[in-house]
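Coordinates in review
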Amino acid sequence: MKTAAIIAEYNPFHNGHKYQIEETRRRTGADFIAVVMSGDFVQRGAPAIYSKFLRTRSALLSGADLVVEMPVFGSLSAAQDFARCGISLFHHMGIIDVLSFGSEAGEIKKLQELADQAGTETEEQSDLIRKSLRSGLTYPQALALARKDSVPVSPNDILAVEYLKALKEFSSAVEPWTLKRSDPGYHSEGRDGSFASATAIRKAISAQDPDFLSAVLPDSHFESLQAESEVPLFPDDFSLLIEQKILTSAPEKIQSISGMPEDLAAKLCKNRLEFLRTDALTAARKDRQYTYAKVSRALMNLMLDITDKDQREFAACDYAPWVRILGFRKTSAALLSELKKHCDIPVIVKTAEILSPEVYPLFEKNLTASEICRMVRELKSGKVQKNEFTRSPIRVP
């Protein structure tokens, strides 16, 4: 039995994701496709546009066999810890043979060379990075310039390199395999036939553009949307919650938040009486020393009360304190059987299952993050949604 794995966000699930699942199965000869997917918050520092259950259903209906949740401590982290979390989960599951990921480069050899170069920054390069930052470049741009483009600036290639580094870090026997991306590009707002970036799709969802969406989203998305009956969520929907946290949190509390730069914490405290919507707040507090996504992650971590201490405890659990099953295909019983047999960390099917006292506080924060999303979605739509304690994994034929 051969199992291929994908680390994903599916924000939302689109034709490019469906293509990756199909090509991974066809070209690697995998019997099963397992996915680690971000839960209700994603790596760019935003709420997932649809719930993890809707996105899980979409993936399963489009060919995935098993979907497990990436805890919020991993999904709201920078690329390195995001990758570590996904790779560690697959490592501990004990059933994964191949890791499939998309990349602009499309060549494992080239990406592996970049991964091997990481961490070998010279004094001259460090100096050039500092000068570039002072000139207004973002850190990824400054890093690429210092290394004469030897480090990729595409978010997907940066993640690809981090996956390869994490495989080495965990001494994993999982074989990496990459698929050259076929969409117009990570930040592109255009469309190439039936493919478009998630950025363009989220914009089309916000603009309620049915023609664009019908061309780039698979049938499984619309079927899942009907089954779950959800409204989309955007960062601005969380504005009051974030501003309330800034207004009522002591300076030392804000400084303790995971991924919170010291000068950003100071600016938030200084301007705590200036109330802005989330997108405007992020733009106003952004600095040239860090990216828009870094500010977004810090604000979401503040809203969710995720601290540096939480992240240290998460890292101490090998970035994988549990495996929570979000959904599976009924025809994948053999895969689930193997998972239960080989996984060396707790496998959670229902939220009521008992975890160790050391791990439970992290799990409770993960559940709270999902419940906050549910609360905002209910208030926005006026429709009651199932809570984390009454949800069962999604099952499809």
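Not measured: the values here are computed from a predicted model.

**Overview of the side chain of S51**
Inspection of the secondary structure puts S51 in the loop between strand 4 (46–47) and helix 2 (52–61). Polar side-chain contacts of S51 include one of 2.4 Å to the side chain of E230. Not counting residues up to four positions away in its chain, the partners in contact with S51 are D40, E230 and R377.

**As for the pattern of salt bridges**
This model, assessed by the stated rule, comprises 24 salt bridges. In this structure, K52 and E69 form a salt bridge, with 3.1 Å as the shortest nitrogen-oxygen distance. You can see K52 sitting in helix 2 and its partner E69 sitting in strand 5 (residues 66–70), a full 17 residues away along the chain. What makes K52 buried here is its relative accessible area of 0%. For E69, a relative accessible area of 3% puts it in the buried group. The structure contains a network of salt bridges with shared partners spanning D40, K52, E69, R324 and E388.

**Considerations on helix 12 (residues 239–248)**
Where helix 12 is concerned, the buried positions are S239, I242, E243 and I246. Seen end-on, helix 12 carries its buried residues on one side only, within an arc spanning 95°. Counted as exposed and oriented over 90 degrees from the buried face of helix 12: L240 and T248. Residues of helix 12 that are buried in the fold lie against helix 13 (251–255), helix 14 (262–270), helix 15 (278–285) and helix 16 (292–304).

**A short note on the packing of aromatic side chains**
Both the distance between ring centres and the angle between the ring planes are used here to describe each pair of aromatic rings. Inspection of the entire model under this criterion finds 8 aromatic pairs. Plain terms: the ring middles of Y360 and F363 are 6.5 Å apart, the flat faces sit at 55° to each other, and that makes the pair tilted. Here the residue Y360 and the residue F363 both occupy positions in helix 19 (residues 360–381), the gap between them amounting to 3 residues, near one helical turn. Taken together, F73, F314 and Y319 form an aromatic cluster joined through their ring pairs.

**What to know about empty space enclosed by the protein**
Within the structure shown, the criterion is met by 3 cavities of 30 Å³ or more. One number sums up the size of the second largest cavity: a volume of about 140 Å³. What lines the second largest cavity is a set of 14 residues, and nearest its centre among them are S51, F53, R374, R377 and K386. Elements with a contribution of two residues or more to the lining of the second largest cavity: helix 2 and helix 19. Examining the composition of the lining of the second largest cavity, we find that 5 residues originate from one element, helix 19, more than from any other. Its residues assigned to classes, the lining of the second largest cavity shows 2 nonpolar, 3 polar and 9 charged.

Here is what the cut-offs are and how they apply
- Residues numbered from 1 in each chain as written.
- Predicted model: local features only at pLDDT ≥ 70, side-chain atom pairs only at ≥ 80, totals over all residues.
- Heavy atoms only, no water.
- Helix = DSSP H or I, 4+ residues; strand = E, 2+ residues; numbered from the N terminus.
- Polar contact = N/O pair within 3.5 Å; in protein donor to acceptor, adjacent residues only side chain to side chain.
- Contact = heavy atoms within 4.5 Å.
- Salt bridge = Lys/Arg side-chain N within 4 Å of Asp/Glu carboxyl O.
- Buried < 20%, exposed > 50% of the residue type's maximum accessible area, 1.4 Å probe, protein only.
- Arc of directions from axis to C-beta.
- Phe/Tyr/Trp six-rings, centres within 6.5 Å; stacked < 30°, edge-to-face > 60°.
- 1 Å grid on protein atoms, 1.4 Å probe; cavity = no way out; pocket = protein on both sides within 12 Å on 5 of 7 lines; lining within 4 Å.
- Points joined across faces, edges and corners; volume = space filled by probe spheres on them.
- Nonpolar A, V, L, I, M, F, W, Y, C, P; charged D, E, K, R; others polar.

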